[in-house]
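Close look at the chain arrangement
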Amino acid sequence: MNISNNISENVNNKPVIGILTIPMSDWFIDNIMHNSKNIKSYLPTAYVRWIENSGARVVPLQYTLVKNIMISELMQVNGVIICGENGSVNYLNLHKDVNIDNETIRWMKAAFTIFEFAKKENHRNRYFPLLGIGTGYEELFFMANKPHYYQKLSTIEDIMKFSENEKPSNELVMLSDKTLLEPLKLTKTPGILSSCLTSEEKKNWSKTKVCYNTAGLALNVKAFPDFLEINAKSKNSKYNTEYATIYSFKEMPFYGFSFHPEAVFYEWGDLEININIDLDFSKKMSRFFVDECRNNFSKLLSKKTLIYNYDLYSSDKVLKLLYPENWESMQFKKHFSQLYIFGTIKH
């Protein structure tokens, strides 16, 4: 892929990228129940700015949208990012008594609607890229690997209803129990990264800490099906695990990052990432996906769906809205400098 600023009739020079919003309940620590009817989901501003940094606009895809409205919005964007901090369902330790929030089920169904739409578009020779980051990196893998499970998923009771050949086994391994910075270790099958990155970038980033991972799980390199390709991988000697840091689908423009390239520029909760990481890598990953989306030529019909029509809030402001009487005592899983919030959508 040649990265150029030249205007071309062969690419979409006004790309619009959808980003699936995240259930508000995923933001709080486990012992806090979120029951607000006014605020259902959020989107950290880091994802939005990271994409805008490469010349694209953003449409928030609220997971609460009914399916036909979601598809209507998907038809107006040029690609989608599915993101998040932690995996929606921990398939590594899944059991019948697991406590899964109902909004998580709704989010999974929305993600699967996006996945199925993107597959159909690509099968019709209409290029439609997907990028999974963090939660999305896991979810994209499982949606491809266990489609019948997602098709049947409707309520919390369905969370354990796997067919015999779709039962979770060894797909997930421990990545780290804390924030982890590591180099980019390309495999012998780097895929599109082979042409996207220069020889100098490959050499420098293989020795420099460029991938910012949060604590949690990653995809086991030993559990990848044939239709996926591992483009970069890494190891954790403490847990004796080897996991994929970047993967791609062989026949569709779908990609997964275990790390968070958006956070290093726009989140200051962990100062170490801004001090010790090569920021050019984050820029390159943003430009990579935006350029992928330039190959889709769908047109935005209404500017009212753009992120500019929503207000930004600080973390404290959101807590004050949710819990005006005791907001100072509330805790959440990760500090975000700013975020967009979204209410229940009714149609």
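Below: a short report on this structure.

The rules we used
- Residues numbered from 1 in each chain as written.
- Predicted model: local features only at pLDDT ≥ 70, side-chain atom pairs only at ≥ 80, totals over all residues.
- Heavy atoms only, no water.
- Helix = DSSP H or I, 4+ residues; strand = E, 2+ residues; numbered from the N terminus.
- Buried < 20%, exposed > 50% of the residue type's maximum accessible area, 1.4 Å probe, protein only.
- Contact = heavy atoms within 4.5 Å.
- Areas by Shrake-Rupley, 256 points an atom, 1.4 Å probe, with all protein chains shown as cover.
- Core = buried A, V, L, I, M, F, W, Y, C linked by side-chain atoms within 4.5 Å.
- Axes fitted to C-alpha atoms, helices over the stretch in contact; angles between N-to-C directions.
- Parallel < 35°, antiparallel > 145°, perpendicular 65-115°, else oblique.
- Left-handed = near helix turned anticlockwise from the far one by under 90°.
- Nonpolar A, V, L, I, M, F, W, Y, C, P; charged D, E, K, R; others polar.
- 1 Å grid on protein atoms, 1.4 Å probe; cavity = no way out; pocket = protein on both sides within 12 Å on 5 of 7 lines; lining within 4 Å.
- Points joined across faces, edges and corners; volume = space filled by probe spheres on them.
- Polar contact = N/O pair within 3.5 Å; in protein donor to acceptor, adjacent residues only side chain to side chain.
- Pairing = 2+ DSSP bridges.
- Expected span 1.5 Å × (residues − 1).

**Observations regarding the overall build of the protein chain**
Within the protein chain, the regular secondary structure consists of eleven helices and 15 strands. Within the protein chain, the proportion of its 347 residues that are buried is 54%. In the protein chain, once contacts between residues fewer than 6 apart in sequence are set aside, the share between residues at least 24 apart is 76%. Working note: accessible area of the protein chain is about 16,400 Å², and carbon and sulfur atoms make up 47% of it.

**A look at the nonpolar core**
Counting residues in hydrophobic clusters, the biggest one holds 51 residues, and the most contacted among them are L20, V80, I114, F115, L130, Y247 and F249. For this core, the leading source of residues is helix α3 (residues 102-123), giving ten residues. When residues no more than four places from it in sequence are discounted, the contact partners of F115 are L130, L140, M143, A144, F249 and F254.

**Describing the packing of α3 against helix α4 (residues 135-145)**
Where α3 meets α4, the closest approach of the two axes is 11 Å, and the angle between their N-to-C directions is 65°. On the basis of the axis angle, α3 is roughly perpendicular to α4. The two elements α3 and α4 meet at a crossing, and its hand is right-handed. Contacts between α3 and α4 involve W107, M108, A111, F112 and F115 from the first element and T135, E139, L140, M143 and A144 from the second. Here the contact of α3 with α4 is composed, by residue class, of eight nonpolar, one polar and one charged.

**Points about the layout of surface pockets**
In this structure, the second largest pocket occupies an estimated 410 Å³ of space. Taken together, 21 residues form the lining of the second largest pocket, with K67, K109, F112, T113 and E116 sitting closest to its centre. Breaking the lining of the second largest pocket down by element, the ones donating at least two residues are α2 (67-74), α3 and α5 (147-152).

**Observations regarding empty space enclosed by the protein**
Under the defined criterion, the tally for this structure stands at three cavities of 30 Å³ or more. In this structure, the largest cavity encloses a volume near 40 Å³. Around the largest cavity, the lining residues are P190, G191, I192, L193, N231, I246, S248, Y255, F257 and F288. Elements with a minimum of two residues in the lining of the largest cavity: β12 (241-249) and β13 (254-257).

**Some thoughts on the environment of E242**
Turning to its location among the elements, E242 is positioned in strand β12. Along the primary structure E242 and K222 are separated by 20 residues, whereas in three dimensions their C-alpha atoms are 8.2 Å apart. In this structure E242 touches V173, L219, N220, V221, K233, S234 and K235, once residues within four positions along its chain are discounted. Of note is the side chain of E242, whose polar atom sits 3.3 Å from the side chain of K233.

**Some details on the pairing of β12**
Counted residue by residue, β12 has eight buried out of nine residues, so it is predominantly covered. In the sheet, strand β11 (residues 228-236) pairs with β12 via eight bridges, with the strands oriented antiparallel. When the bridges of β12 are listed, S234 appears paired with Y243. Here three bridges tie β12 to β13, and the two strands are oriented antiparallel to one another. Within β13, the position partnered with I246 by the bridge is F257. The turn joining β12 and β13, which pair antiparallel and follow one another in sequence, is formed by four residues.

**A short note on α3**
Taking 1.5 Å per residue, 22 residues should reach 32 Å; α3 reaches 32 Å between its end C-alpha atoms and fits that length. Positive phi appears at N125, one or two residues downstream of α3, with a value of about 65°.

**Observations concerning helix α10 (residues 279-293)**
Taking 1.5 Å of rise per residue, 15 residues should cover 21 Å, and α10 covers 22 Å from first to last C-alpha, within 8% of that figure. Across the 15 residues of α10, twelve count as buried, placing the element largely inside the fold. Listing the buried residues of α10 in full gives F281, S282, K284, M285, S286, R287, F288, F289, V290, D291, E292 and C293.

**A word on the sheet that holds strand β5 (residues 80-82)**
With mixed pairing, the seven strands of this open sheet are ordered in space as β4-β1-β5-β6-β13-β12-β11. Single-partner strands in this sheet number two, and they are β4 (57-61) and β11. Looking at each pair of strands side by side, their axes are set apart by 25° on average, direction ignored. With two bridges connecting them, strand β1 (residues 16-20) and β5 associate as parallel partners. In the strand pairing of β5, I19 is matched with I81. Strands β1, β4 and β5 of the sheet are contacted by α2, whose axis makes an angle of about 170° with β4.

**Considerations on the side chain of T45**
As for its placement among the helices and strands, T45 is situated in helix α1 (residues 45-52). According to the relative accessible area criterion, T45 is buried, its value standing at 1%. Once you skip the residues sitting within four places of it in the chain, T45 turns out to touch L312, Q338, L339 and Y340.

Keep in mind these numbers describe shape, not what the thing actually does.
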